[in-house]
Amino acid sequence: GKFRPAWSPNARTSPAREMTPTICLAARTPRCCFEPMHFKRHAPGDHDVTLDVKFCGVCHTDVHNAKNDFMSSTYPICPGHEVAGVVTAVGSAVSKFKVGDRVGVGCIVDACLKCRNCLAGNEQFCTAPGGFTWSYGSKPVHGRAGTEVTMGGYSTCMVVHEYFLVNLPDSLPMDKAGPLLCAGVTTYSPLRRFNVGPGTRVGINGLGGLGTMAVKQAKAMGATVTVISRSRNKESHARAMGASSLVVSTDPASLREYAGSLDLVIDTVAVRHDLGANVMSGPGLLDLLDVNGTWVYAGVILDMQDVQPVRLVFKQNAVTGSLIGGIKMTQECIDFCAKHGLLPETEVVPATPAMLTKVFELLDAGNDKGMRYVLAIGDTLNESTFKAPRARAPNLTGRTRLAAQLFFVMGRLILSKVEGAVIDRAGLIAGTLAAATVAGVGVLAASRIGPMMSGN
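All values reported here derive from a predicted model rather than from experimental measurement.

Helix and strand counts for the protein stand at twelve helices and 17 strands. When burial is assessed residue by residue, the protein has 52% of its 456 residues classed as buried. A separation of at least 24 residues holds for 75% of the contacts in the protein among residues at least 6 apart in sequence. For the protein, the exposed area adds up to about 20700 Å²; of that, 59% sits on carbon and sulfur atoms.

Time to look at the packing of aromatic side chains. Under the defined criterion, the tally for this structure stands at five aromatic pairs. Centre to centre, the rings of F34 and F360 are 5.3 Å apart; their planes meet at 75 degrees, and the pair counts as edge-to-face. Taken as a pair, F34 in strand 2 (residues 34-41) and F360 in helix 9 (residues 353-364) lie far apart in primary sequence, 326 residues in all. Measuring from centroid to centroid gives 4.8 Å for Y163 and F164, while their planes differ by 75 degrees, and the two rings are edge-to-face. In this pair, the class of Y163 matches that of F164, namely buried. One aromatic cluster in this structure is built from F34, Y154 and F360.

To continue, consider the nonpolar core. Residues F34, L51, Y154 and F360 are the most contacted members of the largest nonpolar core, which totals 102 residues. With eight residues, helix 3 (residues 174-193) is the single largest residue contributor to this core. Discounting chain neighbours no more than four positions away, the residues touching L51 are V83, G85, V86, V87, T88, V103, V105, T156, C157, M158, V160 and L165. Formed by 14 residues, the second largest nonpolar core is a distinct cluster that contains Y258, V265, L286 and L312.

Here the bond from Y75 into P76 is cis, since omega is 0 degrees, no more than 30 degrees from zero. Within the secondary structure layout, P76 lies in the loop between helix 1 (60-66) and strand 4 (83-90). Of note in this structure, N68 is not a glycine but carries a positive phi near 60 degrees. Relative to the helices and strands, N68 is located in the loop between helix 1 and strand 4. Residue class for N68 comes out partly exposed when judged on its relative accessible area of 22%. In the Ramachandran plot, Q316 falls in the positive-phi region, its phi being about 50 degrees despite a non-glycine side chain.

Rules behind the numbers
- Residues numbered from 1 in each chain as written.
- Predicted model: local features only at pLDDT ≥ 70, side-chain atom pairs only at ≥ 80, totals over all residues.
- Heavy atoms only, no water.
- Helix = DSSP H or I, 4+ residues; strand = E, 2+ residues; numbered from the N terminus.
- Buried < 20%, exposed > 50% of the residue type's maximum accessible area, 1.4 Å probe, protein only.
- Contact = heavy atoms within 4.5 Å.
- Areas by Shrake-Rupley, 256 points an atom, 1.4 Å probe, with all protein chains shown as cover.
- Phe/Tyr/Trp six-rings, centres within 6.5 Å; stacked < 30°, edge-to-face > 60°.
- Core = buried A, V, L, I, M, F, W, Y, C linked by side-chain atoms within 4.5 Å.

Below you can see the structure in the form of structure tokens.
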């Protein structure tokens, strides 16, 4: 049956409470030079939960949004959607949580809860005007997340409607919980969607933060797991995480050896890469899929190489995407990981502007260590942060990659327009070419026959 939430917008029937003073780390420009800042959270409503943030993971998406890669960011911006904290106050109508509970805040802090997708528990696909409200950098439109642009988890306190919180089991270390709310559910969701279980042959393309979590989850579901990487440098790490084999994507011999060996691939690589889906190309990544196999994009990429349908038709392959998970799926992911002891590879770091500069550079460079960096908000973000020297802006080379992706997008758009015009006028063009050819032959013949005739 459908998942039917029954939550009204956050009207206040109890006496109004004060807005909560909060310290955060925010960037004021796309240069991503973070600094401490004071602001106030919106006044809690009857269904709201106030929590002290203890830890917050730093996601690659935070880097994209902070430097305005998607050209939609507003400033100042306080990222953070991998939040683990402790409840300090609850509204009069809150029924799911109490003071002292351990809770998590992921990517979603509001949605309409009325459309078909919301009613099915897929709030990330909310179809109401404005869609769902992100944890940060999003203008609330549904009445449960205040009225100002949302500020994320790089902060000491959050106020969130109880519907959009998840419970963190006691067995789950709080410093490990945050990344599960984004990276964890991003890979868990497609594994569940495609019914991965014993006997399923799963490939994981990329072994960064997302890929490492995906290997652990697929293995715990009973699948046989293969890691796909550009070299064998990560083979020992892949096997330690639960993979049984590794395919080198840059080695044609390796691609041929494992051709047709996978039922499902979760692609976590967040930069442009060739699937080898052109009929003129040699062995490629898509060749790893067996009949009826599916390739799932979990990384955010603006453009890819052409996927020619003929390469999909003859093995009934599919190429699709996956976007995080709804609140229900996120809670299921948290419970599954806690039950099986599936913890992300994390490094806890101080919540300081200087450390954010370092972490942003590591993530922007590709995060080859497969590490999820977690800010120790509760222990290190306080008034003393304002006294620290101003941090330098990170050196983010990824802007070059983004410019290249935009170039390819525009190039393909222009090419498609030219191709369409040629196809639409194919008859005229063919007739013109034929006439020009006949005329050319006639001219050539005349040029040769003429002298011969005059010579007689």
